[in-house]
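# Secondary and tertiary structure notes
The primary structure of each chain is shown beneath.
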Amino acid sequence: MRTAIRNALLSAFVAAALPLSGLGAHLGTIAAGITDALAKTADQTRSKDFSEPGVLIRSAPSTAADARGSGAPGDRVSVRGSVPGEAIRCADGSSNSEWFEITNRRTSVSGFVSACYL
């Protein structure tokens, strides 16, 4: 991701250094488009939503861990990272051991949620 941002900034710099007609204007347009796409992608990867109501936010990546709160669709969460944890059976029948360390933006409750529920 950092490489992509660096490349977008380099493209913008090159476009500014070239004349604003012809190739310079075209590169500037491309650089602006890349920058916008990267910003949207970064926001989407750091922010998620609960997939169903009553999802428990746990103190550790396990169903045995204490519940700190819950979330529901419409409650956006900030994702700080992912960690391995207890394998959970998802609604689609798959098994997933990835857990996200999150903060529910509506309630400010922080903890862990299985990837099945985001």
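So, here's what we can say about the structure. As the structure is a computational prediction, the values presented were derived from the model and not from experiment. (Residues numbered from 1 in each chain as written. Predicted model: local features only at pLDDT ≥ 70, side-chain atom pairs only at ≥ 80, totals over all residues. Heavy atoms only, no water.)

## Describing the side chain of Asn104
- As for its placement among the helices and strands, Asn104 is situated in strand S5 (residues 95-104).
- For Asn104, a relative accessible area of 0% translates into the label buried.
- A polar contact of 3.4 Å, which involves the side chain of Asn104, links it to the backbone oxygen of Ser70.
- Sequence-distant contacts of Asn104, defined by excluding residues within four places in its chain, comprise Phe50, Ile57, Ser70, Gly71, Asp75, Arg76, Val77 and Val109. (Helix = DSSP H or I, 4+ residues; strand = E, 2+ residues; numbered from the N terminus. Buried < 20%, exposed > 50% of the residue type's maximum accessible area, 1.4 Å probe, protein only. Polar contact = N/O pair within 3.5 Å; in protein donor to acceptor, adjacent residues only side chain to side chain. Contact = heavy atoms within 4.5 Å.)

## What about the environment of Ser82?
- Locating Ser82 in the fold gives a position in strand S4 (residues 76-89).
- Owing to a relative accessible area of 43%, Ser82 belongs among the partly exposed residues under this scheme.
- Sequence separation between Ser82 and Phe100 is 18 residues, and the spatial gap between their C-alpha atoms is 4.3 Å.

## Concerning the environment of Thr63
- Along the chain, Thr63 turns up in the loop between strand S2 (55-58) and strand S3 (67-71).
- Along the primary structure Thr63 and Phe112 are separated by 49 residues, whereas in three dimensions their C-alpha atoms are 9.8 Å apart.

## A few points about the state of the cysteines
- Following the criterion strictly, the structure yields one disulfide and no others.
- Between the sulfur atoms of Cys90 and its disulfide partner Cys116 the distance amounts to 1.8 Å. Its torsion about the S-S bond being -60°, the disulfide of Cys90 and Cys116 is classed as left-handed. Of this pair, Cys90 sits in the loop between S4 and S5 while Cys116 sits in the segment after strand S6 (110-114), and the two are 26 residues apart along the sequence. (Disulfide = S-S within 2.5 Å.)

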